Amino acid sequence: MSFRLATRADTNEAPSAVPEIQSVGIVGAGQMGNGIAHVCALAGLPVTVVDINPAALDKAVTTIARNMERQLGRKLITEEQRDAALARITTGTDYALFADTDFVVEAATEKEAIKIEVFKALCPHLKPTAMVASNTSSISITRLGAATDRPERFIGMHFMNPVPVMKLVEIIRGIATDEPTYRAVDNLAKKLGKQTATSEDFPAFIVNRMLVPMINEAVYALYEGVGDIRSIDTAMKLGANHPMGPLELADFIGLDTCLSIMQVLYDGLSDSKYRPCPLLVKYVEAGWLGRKSGKGFYDYSQDPPAPTR
């Protein structure tokens, strides 16, 4: 048996006008936040990035400029487009910078308690018509929206990593999300050159519901001695034509993020097949989080990276 969460589109209410998103705010200057800022600025939208850490903001701007330089080298953009996009990006540490912003995307760490604290601090600074989204890869949009003062204008907008390269955006409606918000965000994604997939509000949505359990199973294969790190990754790259092996991909995503998603699936669906592998837990406890920490299933202090197990 299947069911779908009802939305206003299922009622007989007259359709409301779809607001146009003309400015974007981003909470969090990390890998996802700077990627979202990158594509929004290139699409002609003024972008404001807020983070509590000024050093993270400086790093984000440097990363965006470097990535645009790569696009310029590949003739994907022009110098004029690069310069104009960089000029559209404003950064700061105060949520008051979002006072006139139409749409704010939260791209903080994948921890529900942290995200809820962000929304409680953010919403008092927004104009009443502003829409809010979470870039969460797994957490309930309904629950997050309920922590705000505007659940009807709250939605999930899950970008894939790396944002400037990946074409997909998952859009997730919470039970309270209204139709104008959904359509406005779908329009925004298309303006950014993305294709959209709409997911119901179930744990981990579509992509990570399938992808991260595959990664977790690869960690189990390593844990149980089915194969070593290189053999597991080689088997999936050459045997299933995957561009990255699952353990290499886990390092790219971040082992802490993979573990958080598995915990959301395990808690939300109460099915033992989603139990996080104990070895994944140990790596996270050790601080071996993948590329971002310099070590995960591979040690990135060496070239080429060497397996750590």
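Bear in mind that the values here come from a model prediction, so they are computed numbers and not experimental data. Counting restarts for each chain: residues are numbered from 1 in the order of the written sequence. Note on the predicted model: pLDDT of at least 70 is required for a residue's local features to be given, and 80 or more for side-chain atom pairs to be given and counted; whole-chain, interface and lining totals, by contrast, use all residues. Hydrogens and waters are ignored; side-chain quantities use all the structure's heavy atoms.

The next point concerns helix H11 (residues 278-285). Remark: exposure states derive from per-residue accessible area (1.4 Å probe, protein chains only) relative to the maximum for the residue type, with buried under 20%, exposed over 50%, and partly exposed in between. Counting from the N terminus, the helices are DSSP H or I runs at least four residues long and the strands are E runs at least two residues long. Buried within H11 we find Leu279, Leu280 and Tyr283. Taken down its axis, H11 places every buried residue within 105° of arc, on the same side. Exposed side of H11, more than 90 degrees from the buried face: Lys282 and Glu285 are the residues found there. Throughout, a residue-residue contact means that at least one pair of heavy atoms, one from each residue, lies within 4.5 Å. Where H11 is buried, its residues meet helix H7 (207-223) and helix H10 (255-269). Looking one or two residues beyond H11, the residue adopting positive phi is glycine 287, at roughly 80°. What the arc measures is the spread of directions leading from the helix axis to the C-beta atoms.

Moving on: the UniProt feature "domain: 3-hydroxyacyl-CoA dehydrogenase NAD binding" (unreviewed entry) in the protein. In this numbering, the UniProt entry assigns the feature "domain: 3-hydroxyacyl-CoA dehydrogenase NAD binding" (unreviewed entry) to residues 24-198. The distance from the first to the last C-alpha atom of residues 24-198 is 21 Å, and the span holds 41% helix and 21% strand. UniProt positions are given in the numbering used here, feature names are shortened, and annotations may be inferred rather than shown by experiment.

UniProt records the feature "site: Important for catalytic activity" (unreviewed entry) for His158 in the present numbering. In contact with histidine 158, other than residues within four places in its own chain, are Ser134, Asn135, Thr136, Ser137, Leu168, Val169, Glu170, Ile172 and Asn208.

Turning next to the domain arrangement of the protein. Domain assignment breaks the protein into domain 1 (24-200) and domain 2 (208-307). Source of the domain bounds: an automatic or database domain assignment. Of note, the centres of domain 1 and domain 2, computed from C-alpha atoms alone, are 26 Å apart. When two parts are put together, the accessible area they lose, computed with a 1.4 Å probe and summed over both, is reported as buried area. Carbon and sulfur atoms make up 50% of the surface buried where domain 1 meets domain 2, a total of about 610 Å² over both sides. Interface area lost by domain 1 to domain 2 is led by Glu110, Ser137 and Ser138, which between them contribute 50%. Between Lys or Arg on one side and Asp or Glu on the other, a salt bridge is scored when a side-chain nitrogen of the former is within 4 Å of a carboxyl oxygen of the latter. Taken together, the connections running from domain 1 to domain 2 amount to zero salt bridges. Between N or O atoms, a polar contact is any pair within 3.5 Å; within protein, one atom must be a potential hydrogen donor and the other a potential acceptor, and residues adjacent in sequence are included only when both atoms are from side chains. At the boundary of domain 1 with domain 2, the tally comes to one residue pair in polar contact (both at pLDDT 80 or more). Partitioning the side of domain 1 that touches domain 2 into residue classes produces two nonpolar, five polar and two charged. Put simply, Ala, Val, Leu, Ile, Met, Phe, Trp, Tyr, Cys and Pro go in the nonpolar bin, Asp, Glu, Lys and Arg in the charged bin, and everything else, Gly too, in the polar bin.

The next thing to look at is the sheet that holds strand E1 (residues 24-27). Strand pairing is assigned whenever DSSP identifies at least 2 bridges connecting the two strands. Judged by pairing direction, the sheet is mixed, and its eight strands sit side by side in the order E3-E2-E1-E4-E5-E6-E7-E8 without closing on themselves. Unpaired on one side and paired on the other, strand E3 (89-92) and strand E8 (195-199) mark the two borders of the sheet. Averaged over all pairs of adjacent strands, the angle between their axes in this sheet comes to 25°, without regard to strand direction. Bridge analysis of strand E5 (residues 131-134) against strand E6 (residues 154-159) gives three bridges, and the strand direction is parallel. Each bridged residue has a counterpart across the sheet, and for valine 132 the counterpart in E6 is phenylalanine 154. Axis definition: a line fitted to C-alpha atoms, limited for helices to the stretch in contact. Angles are taken between N-to-C directions and run from 0 to 180 degrees.

On to the pattern of salt bridges, then. Inspection of the entire model under this criterion finds 13 salt bridges. Residue aspartate 83 is joined to arginine 82 by a salt bridge in which the shortest nitrogen-to-oxygen separation is 3.0 Å. With a closest N to O distance of 2.9 Å, aspartate 256 and lysine 292 form a salt bridge. Remark: lysine 292 occurs in the loop between H11 and strand E9 (298-299) and aspartate 256 occurs in helix H10; sequence separation between them is 36 residues. The class of aspartate 256 is partly exposed, set by a relative accessible area of 21%.

Side-chain rings of Phe, Tyr and Trp (the six-membered ring for Trp) are treated as a pair once their centres are within 6.5 Å; stacked means planes under 30 degrees apart, edge-to-face means over 60, and tilted covers the remaining angles. In total, this model carries five aromatic pairs according to the counting rule given. Judged by centre distance (6.3 Å) and plane angle (70°), the ring pair of tyrosine 220 and tyrosine 223 falls under edge-to-face. Taken as a pair, tyrosine 220 and tyrosine 223 lie in helix H7 at a separation of three residues, close to a single helical turn. Overall, tyrosine 220 belongs to the buried group, its relative accessible area being 10%. Each residue in the set Tyr283, Trp288 and Phe297 is aromatic and connected to the rest through ring pairs, giving one cluster. Lysine and arginine charges are scored as sitting over a ring when NZ or CZ, respectively, is within 6 Å of the ring centre and within 35 degrees of the ring normal. Above the face of the tyrosine 182 ring, arginine 173 is positioned so that its terminal group lies 3.9 Å from the ring centre.

The geometry of helix H1 (residues 31-42) relative to helix H2 (residues 54-73) is characterised by a closest axis approach of 10 Å and an angle of 55° between their N-to-C directions. In terms of orientation, H1 lies oblique with respect to H2. Here the hand of the crossing between H1 and H2 comes out right-handed. Together, Asn34, Ala37, His38 and Leu42 of H1 and Ala60, Thr63, Ile64, Asn67, Met68 and Gln71 of H2 make up the contact between the two elements. Residue classes in the contact of H1 with H2 are distributed as five nonpolar, five polar and no charged. Any angle that falls under 35 degrees is termed roughly parallel, while one over 145 is termed roughly antiparallel, one within 65 to 115 roughly perpendicular, and all others oblique. For any pair of crossing helices, the crossing counts as left-handed if the nearer helix is rotated counterclockwise from the farther one by less than a right angle, and right-handed if it is rotated clockwise.

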